[in-house]
Amino acid sequence: MPVKRGRLGVSGALAGAVNGVFGGGGGMVLAPLLGSWCRVEEKRALANCVATILPCCVLSGGVYLLRTGLDWGMALPYLLGGLAGGFLGGKLFTKVPAVWLRRLFAAFLVYGGVRYLL
């Protein structure tokens, strides 16, 4: 079944809304939607998810900067660590089987959900 552009657009809109409201997490919505609802192969869905979330984060960050201010002194270490982690994760991505990526992703979702509930 070919991917319908409408489903891709709706998936992106949902991810962007989640990212804007919560300050992140759009990928947690987008990856499963691309995989199950849009029928995109898992590794391709995760790679597209990363590419999609970058502009969403930049836009959300710009809105936060204009509305509430941003503490660059606090954000810079996270940014540098995030860039290093993103580089390493991108290198490992091609070496990890899709089934393990799915399991790791699910484990992070469960861990984050439990932490928020407690």
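A brief structural summary. Because the structure is a prediction, the values reported are computed rather than measured. (Residues numbered from 1 in each chain as written. Predicted model: local features only at pLDDT ≥ 70, side-chain atom pairs only at ≥ 80, totals over all residues. Heavy atoms only, no water.)

## Re the packing of helix H1 (residues 5-22) against helix H2 (residues 26-37)
Each pair of packed helices can be summarised by the angle the axes make with each other and by the distance between the axes.
Consideration 1: Where H1 meets H2, the axes come as close as 7 Å, and the angle between the chain directions of the two elements is 165°. Between H1 and H2, the crossing angle belongs to the class labelled roughly antiparallel. The chirality of how H1 crosses H2 is right-handed. Where H1 approaches H2, its residues Arg7, Leu8, Val10, Ser11, Gly12, Leu14, Ala15, Val18 and Asn19 are matched on the opposing element by Gly26, Val29, Leu30, Leu33, Leu34 and Trp37. (Axes fitted to C-alpha atoms, helices over the stretch in contact; angles between N-to-C directions. Helix = DSSP H or I, 4+ residues; strand = E, 2+ residues; numbered from the N terminus. Parallel < 35°, antiparallel > 145°, perpendicular 65-115°, else oblique. Left-handed = near helix turned anticlockwise from the far one by under 90°. Contact = heavy atoms within 4.5 Å.)

## A closer look at the nonpolar core
Consideration 1: Residues Ala15, Leu30, Ala31, Leu34, Cys38, Val40, Ala45, Cys49 and Ile53 constitute the largest nonpolar core, which totals 9 residues.
Consideration 2: Counting residues per element, the ones that place at least two in this core are H2 and helix H3 (42-68).
Consideration 3: Ignoring anything within four residues of it in the chain, the contact list for isoleucine 53 reads Ala15, Asn19, Gly26 and Gly27. (Core = buried A, V, L, I, M, F, W, Y, C linked by side-chain atoms within 4.5 Å. Buried < 20%, exposed > 50% of the residue type's maximum accessible area, 1.4 Å probe, protein only.)

## Digging into the packing of aromatic side chains
Any aromatic ring pair is given by two values, namely how distant the centres are and how the planes are angled relative to each other.
Consideration 1: Under the definition given, this model contains 0 aromatic pairs.
Consideration 2: For the cation-ring pair, lysine 43 lies above phenylalanine 93, with the distance from its terminal atom to the ring centre recorded as 5.5 Å.
Consideration 3: Positioned above the aromatic ring of tryptophan 100, the side-chain terminus of arginine 103 is 4.8 Å from the ring centre. (Phe/Tyr/Trp six-rings, centres within 6.5 Å; stacked < 30°, edge-to-face > 60°. Lys NZ or Arg CZ within 6 Å of the ring centre and 35° of its normal.)

## A look at the pattern of salt bridges
Consideration 1: Inspection of the entire model under this criterion finds 1 salt bridge.
Consideration 2: Linking arginine 102 and glutamate 42 is a salt bridge whose minimum nitrogen-to-oxygen distance equals 2.4 Å. Of this pair, arginine 102 sits in helix H5 (residues 98-117) while glutamate 42 sits in helix H3; the two residues are 60 residues apart in sequence, bridging distant segments of the chain.
Consideration 3: A residue is classified by how much of its surface remains accessible, and arginine 102, at 42% relative accessible area, is partly exposed. (Salt bridge = Lys/Arg side-chain N within 4 Å of Asp/Glu carboxyl O.)

## A word on the packing of H2 against H3
Consideration 1: The geometry of H2 relative to H3 is characterised by a closest axis approach of 9 Å and an angle of 140° between their N-to-C directions. The element H2 and its partner H3 pack so that their crossing is right-handed. In contact with Gly26, Gly27, Leu30, Ala31, Leu34 and Gly35 of H2, H3 contributes Ala45, Leu46, Asn48, Cys49, Thr52 and Ile53.
Consideration 2: A per-class count over the contact of H2 with H3 returns 7 nonpolar, 5 polar and no charged. (Nonpolar A, V, L, I, M, F, W, Y, C, P; charged D, E, K, R; others polar.)

## Observations concerning unusual backbone geometry
Consideration 1: Residue arginine 39 is not a glycine yet carries a positive backbone phi of 60°.
Consideration 2: A relative accessible area of 55% places arginine 39 in the exposed class.

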